[in-house]
Amino acid sequence: MFAPAEYLDLSHTQHGILFPSDEPVWTALTRIESYLGFRLQREIRASIPQGVFISEDVFIDEGTTIDPGAVIKGPAWIGRNCQIRSGCYIRENVIIGDGCVLGNSCEFKNCIVFDQAEVPHFNYVGDSILGFKAHLGAGVILSNVRLDRREVVVNNGKSVHSTGLRKFGAIVGDHVEIGCNSVVNPGSLLGRHSVLYPLTSYGGVLPARSMVKTRQQQVVAPRIL
């Protein structure tokens, strides 16, 4: 149950070793630090303009463009032909695939982002995994800590599954679309090709090819001056 293949096409990452087939998909989050500690070698194959901060433990592949104002603390692995825009903040233990967009005022921490995922505006991605061609609308937050600070669990509506993690955001499957200003609550799993409408607060396990439709009731009233 919750095997990586249910949510992610491992041919769209160079780091498939993080995802044993017989363990829940979220366990990959616990391996990022040790994996980068073993495999990462500092090398910058891209052109770095003035105004970019990059720490020692960072690998950046060729073709990636980085705007002034980006901060990459590392350890971090960034693939080919990515766009890292001004104000992007990449913290510790981050793995980014090829052809990804990491936008302005976006923060990344202990996460895995598969090829061609787009995180373009005002997003937080912490302790989460984004699949191939996943897309976060502006202002989407992947919340990774419960308000009571207790262990994050996965609830599929029928049973509750322990994760052993106090920080765990979301598994966002391949081709998932999340609308602007939505919040995905800790321990959520979004199946492939699923969609969340804008302004949605969602928690749980969403089946593949599903839509979460959020409706607002609006009233237009005369303004009394």
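These numbers come from a predicted model, not from an experiment.

K.L.:
Explain the sheet that holds strand 17 (residues 141-142) to me, and be specific about the residues and the numbers.
P.N.:
The eight strands are arranged 2-5-8-11-14-17-22-25 in an open sheet whose pairing can be described as parallel. Looking at which strands have only one partner, the edges of the open sheet turn out to be strand 2 (53-54) and strand 25 (201-202).

K.L.:
Describe the nonpolar core, listing the residues and the values that go with them.
P.N.:
Of all hydrophobic cores here, the largest spans 40 residues; its most connected members are I72, I90, F108, L142 and I178. Breaking this core down by element, the ones donating at least two residues are strand 3 (58-60), strand 6 (76-78), strand 9 (94-96), strand 12 (111-113) and strand 20 (170-172). If sequence neighbours within four positions are ignored, I178 has contacts with H135, L136, G137, V140, L142, V172, V184, L190 and L196.

K.L.:
Talk me through helix 1 (residues 32-39); I want residue IDs and the actual numbers.
P.N.:
Along an α-helix, residues three or four positions apart point the same way, because every turn accommodates 3.6 residues. Where helix 1 is concerned, the buried positions are I32, Y35 and L36. Across the axial projection of helix 1, the buried residues extend over an arc of 95°, all falling on one side. When the buried face of helix 1 is taken as reference, the exposed residues oriented beyond 90 degrees from it are E33, S34, G37 and F38. Packed against the buried residues of helix 1 are strand 6, strand 9 and strand 12.

K.L.:
Would you mind going over the packing of aromatic side chains in detail, with residue names and values included?
P.N.:
Using the criterion set out here, one finds four aromatic pairs in the structure. Between F2 and W26, the aromatic rings sit 5.5 Å apart at their centres with planes inclined by 45°, giving tilted as the arrangement. A residue pair is termed long-range when its members are at least 10 positions apart, and F2 in the segment before helix 1 and W26 in the segment before helix 1 qualify at 24 residues. The two residues F2 and W26 agree in class, both being buried. Relative to W77, the ring of F59 has its centre 4.6 Å away and its plane inclined at 40°; by these criteria the two rings are tilted. You can see F59 sitting in strand 3 and its partner W77 sitting in strand 6, a full 18 residues away along the chain. Accessibility classification places F59 together with W77 in one group, the buried group.

Basis of the calculations
- Residues numbered from 1 in each chain as written.
- Predicted model: local features only at pLDDT ≥ 70, side-chain atom pairs only at ≥ 80, totals over all residues.
- Heavy atoms only, no water.
- Pairing = 2+ DSSP bridges.
- Helix = DSSP H or I, 4+ residues; strand = E, 2+ residues; numbered from the N terminus.
- Core = buried A, V, L, I, M, F, W, Y, C linked by side-chain atoms within 4.5 Å.
- Buried < 20%, exposed > 50% of the residue type's maximum accessible area, 1.4 Å probe, protein only.
- Contact = heavy atoms within 4.5 Å.
- Arc of directions from axis to C-beta.
- Phe/Tyr/Trp six-rings, centres within 6.5 Å; stacked < 30°, edge-to-face > 60°.

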